Amino acid sequence: MLWQLIYSSKAELPMSEAALQEILVDARAGNEKRDITGALVYVDGVFVQILEGDRDDVNRLLASIANDSRHRSLKVLYEAEVEQRGFASWRMAYLAPTREQMLAWAGLPAATTIEQLLADISRDASRGAQILGNILRTVAG
């Protein structure tokens, strides 16, 4: 079985487009070697990343990510065993939605903050699955 995980973290400093591209190049190369797929979302100084692959490989990658000095406060929001990959075509898709788009993906009112969104995902696993589905539909566009 495959493992799918969503985590969030806060950028230590605001990320430039060049810095984000550097992260993506490294992530795609590493994910190719590990047979991991997923998506990276960056909004309002917060990363939300979806990883999918072998459970041990995903957990090893997560441990490595946790030690990356470019971010802090890593929190696993959602994890589940899945029968197939949602992001099979992407070693690491990338989205930079507005806060409003991210909240709409979660079905939350526009007045909600990103921090409230992350807390809501932590409390309600169905919210994580909903966001995952909407991110997948967006990248498949």
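All of these numbers come straight from a predicted model, not from anything done at the bench.

Some points on the pairing of strand β2 (residues 37-43)
Consideration 1: Counting buried residues in β2 gives 7 out of 7 residues, a clear majority hidden from the surface.
Consideration 2: Neither face of β2 is left uncovered, since the one carrying Thr-37, Ala-39, Val-41 and Val-43 and the one carrying Gly-38, Leu-40 and Tyr-42 both have all their residues buried.
Consideration 3: Examined bridge by bridge, β2 and strand β3 (residues 46-53) share 7 bridges and lie antiparallel to one another. In the strand pairing of β3, Ala-39 is matched with Ile-50.
Consideration 4: Connecting the antiparallel pair β2 and β3 is a turn made up of 2 residues, with Asp-44 showing a positive phi of about 50°.
Consideration 5: As paired elements, β2 and strand β5 (residues 93-95) share 3 bridges and run parallel to each other. Counted as the bridge partner of Ala-39 is Ala-93 from β5.

Considerations on the sheet that holds β5
Consideration 1: Spatial strand order, β4-β1-β3-β2-β5: 5 strands in an open sheet with mixed pairing. The open sheet is flanked by β4 (71-82) and β5, the only strands paired with a single partner. Going across the sheet, the axis of each strand differs from the next one's by a mean of 15°, ignoring polarity.
Consideration 2: On top of the sheet, helix α4 (residues 114-123) reaches β1 (2-11), β2, β3 and β4; it is set at about 35° to β4, its chief contact.

Considerations on the side chain of Arg-85
Consideration 1: Within the element layout of this structure, Arg-85 appears in the loop between β4 and β5.
Consideration 2: Here the side chain of Arg-85 touches Thr-37 through a polar contact of 3.0 Å, side chain to side chain.
Consideration 3: For Arg-85, the residues in contact, after removing those within four places along its chain, are Leu-2, Asp-35, Ile-36, Thr-37, Glu-52 and Gly-53.

With respect to the pattern of salt bridges
Consideration 1: For the coordinates displayed, the defined rule picks out 8 salt bridges.
Consideration 2: Linking Arg-91 and Glu-32 is a salt bridge whose minimum nitrogen-to-oxygen distance equals 3.2 Å. Placement of Arg-91 in the loop between β4 and β5 and of Glu-32 in helix α1 (residues 17-34) is noted, with a sequence separation of 59 residues between them.
Consideration 3: Among the salt bridges present, the one from Asp-35 reaches Arg-85, with a minimum N-O distance of 3.1 Å. Taken together, the positions of Asp-35 in the loop between α1 and β2 and Arg-85 in the loop between β4 and β5 put the pair 50 residues apart, joining distant regions of the chain.
Consideration 4: According to the relative accessible area criterion, Asp-35 is partly exposed, its value standing at 40%.
Consideration 5: Among the charged side chains, a salt-bridge network with shared partners connects Glu-32, Asp-35, Arg-85 and Arg-91.

Cut-off values and rules
Residues numbered from 1 in each chain as written. Predicted model: local features only at pLDDT ≥ 70, side-chain atom pairs only at ≥ 80, totals over all residues. Heavy atoms only, no water. Buried < 20%, exposed > 50% of the residue type's maximum accessible area, 1.4 Å probe, protein only. Helix = DSSP H or I, 4+ residues; strand = E, 2+ residues; numbered from the N terminus. Pairing = 2+ DSSP bridges. Axes fitted to C-alpha atoms, helices over the stretch in contact; angles between N-to-C directions. Contact = heavy atoms within 4.5 Å. Polar contact = N/O pair within 3.5 Å; in protein donor to acceptor, adjacent residues only side chain to side chain. Salt bridge = Lys/Arg side-chain N within 4 Å of Asp/Glu carboxyl O.

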